[in-house]
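Okay, here's what each chain looks like letter by letter:
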Amino acid sequence: MKITRIITHVLEAPIENSFAFSQAWVDKRVGLVVEIETDSGLIGWGDGYGPPFALASVIDRYYAPRLIGRSPLAGDAIWEELYNALRDHGQRGVPVQALSALDIALWDLRGKALGQPVHVLMGGPIRDSVRGYATGLYRRSSTPAENRALLQAEAEGYLDAGFTAMKTKVGFGFRDDIELVEMLRDTIGPEIELFVDANHGCDLVQAKKLALAMEPLDIGWFEEPVEPEDLEGYAELRRTTSIPIAGGECSFTRHDFRRILEARAMDILQPDTASCGGLTEAKRIADMAWTHGARYQPHVWGTGIGLAAAMQLLAVLPTTTPAFGAHAPLLEYDSTPHPFRQDLLVEPIRVADGTAHVPQGPGLGVEVRRDVLERWRVR
Ligand code: CA
């Protein structure tokens, strides 16, 4: 089997009701889907998390020519060759995100060629279903009181849908943040897990003050409190609060995560499979996290293809530590408006009664709808 063609699909769709995290209002959803064709007729699908036009350009110009004529079975060799091709100018960011999309597509192809789901080829399964948490509760109004009313109703919706965990956004200023988090804890009660995410929207002073105020609210983790470059800030915050500190969606490859682990900067690592280096690198990072006693909670923010890749990884993430009360990883289930995220799959991956099932078909275990791909394709 040889690779014959690589196609990049840049997808874009406007959304009706925009929403905000600490850095920006979101008014459209974008995605980069990569398709690898082979002379066997099999096709591999991948998803890259990053600026899609930039990812497409790196793939088209620099990576695709190196892949034509190669066997997709040589996964590790291809990974190292592509990483090394742009190492002097890359190491993180767009070149690694582009590599991630191709790596996921190559895993999909290998699974299809061998008739096995990716998680079996990665040594699993450890589990065939995972609990999902709802990622949502973004700011929807710039008036705090109006926003709280909207988010109260949204949180109640997640409870009605069977979610047992959910995540909201902070980083909008102390009073706005703490009043929102207090309202949410009050709304969902003590049994439901609640996480907060600042998208590195706090400096260390703000993060410490907010963490201290949130301590009585049983917060499952405080995600990206400060800038991803500031590992010392992460480590200092981690020592000053009992709330677990999470981060890593803006970090890349085992090299970044080695530094995070050595600095003991985070309790929970959150690499994005479609950004950190693909499934190949995610598994390496997961093994490192295990060795260092850190938890691994995959970040997920892509199309249904990226979601499928995350599910394959979740099937093989270790249970730390194997005991009756062991912690198992959760699926980050993006519940925000997105015109094509789920529509892209013939059989979408859903969380029902709080749980999602790992696709069992060959490769990523999902089938892509061409009509949806064409509808939102802008390049
Ligand atoms: Ca996040």
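Residues numbered from 1 in each chain as written. Predicted model: local features only at pLDDT ≥ 70, side-chain atom pairs only at ≥ 80, totals over all residues. Heavy atoms only, no water.

Engineer: Account for the pattern of salt bridges, naming residues and giving values.
Structural biologist: The tally for this structure, following the rule as stated, stands at 29 salt bridges. Close ionic contact of R284 with D76 constitutes a salt bridge, the shortest N to O distance being 3.9 Å. One end of the pair, R284, is in helix α10 (residues 278-291); the other, D76, is in helix α2 (residues 75-85), with 208 residues separating them in the sequence. With relative accessibility at 22%, the residue R284 sits in the partly exposed group. On the basis of relative accessibility, which here comes to 47%, the residue D76 falls in the partly exposed class. A salt bridge links E179 to R148, with the nearest nitrogen and oxygen atoms 3.2 Å apart. Placement of E179 in helix α6 (residues 174-188) and of R148 in helix α5 (residues 144-160) is noted, with a sequence separation of 31 residues between them. Looking at E179, the relative accessible area reads 29%, which means it is partly exposed. (Salt bridge = Lys/Arg side-chain N within 4 Å of Asp/Glu carboxyl O. Helix = DSSP H or I, 4+ residues; strand = E, 2+ residues; numbered from the N terminus. Buried < 20%, exposed > 50% of the residue type's maximum accessible area, 1.4 Å probe, protein only.)

Engineer: Give me unusual backbone geometry: which residues, what numbers.
Structural biologist: Negative phi characterises most residues that are not glycine, and trans characterises most peptide bonds. A cis geometry characterises the amide bond from G124 onward to P125, with omega recorded as 0 degrees. Residue placement: P125 occurs in the loop between α4 (118-121) and β4 (129-135). Here T320 and T321 are connected by a cis peptide whose omega angle stands at -20 degrees. Considering the arrangement of structural elements, one finds T321 in the loop between α11 (304-314) and β11 (331-334). In this structure, E224 is a non-glycine residue whose phi angle is positive, near 40 degrees. Structurally, the position occupied by E224 is in the loop between β7 (219-223) and α8 (231-240). Given a relative accessible area of 1%, E224 falls into the buried group.

Engineer: Hey, could you go over the coordination of the calcium ion for me, with residue numbers and the actual values?
Structural biologist: The coordination sphere of the calcium ion, as far as protein atoms go, consists of D197 (OD), E223 (OE) and E249 (OE), spread over 2.2 to 2.3 Å. Using a relative accessible area of 1% as the deciding quantity, one classes D197 as buried. (Donors = N, O, S within 2.8 Å, 3.2 Å for Na, K, Ca; no water.)

Engineer: Quick one: what's the story with the pairing of strand β6 (residues 193-197), residue by residue and with numbers?
Structural biologist: Each regular strand shows side chains that alternate between the opposite faces of the sheet. The buried count for β6 comes to 4 of 5 residues, which makes it a mostly enclosed element. In this structure, strand β5 (residues 165-169) lies alongside β6, joined through 5 bridges in parallel fashion. By the bridge assignment for β6, T168 is matched with V196. With respect to chirality, the unit in which β5 leads through α6 into the neighbouring parallel β6 is right-handed. As judged from the 3 bridges shared by β6 and β7, these two strands associate in the parallel manner. The residue of β7 that forms the bridge with V196 is F222. For the crossover from β6 across helix α7 (residues 204-214) to β7, the handedness is right-handed. (Pairing = 2+ DSSP bridges. Right-handed = clockwise from strand over helix to strand, strands pointing away.)

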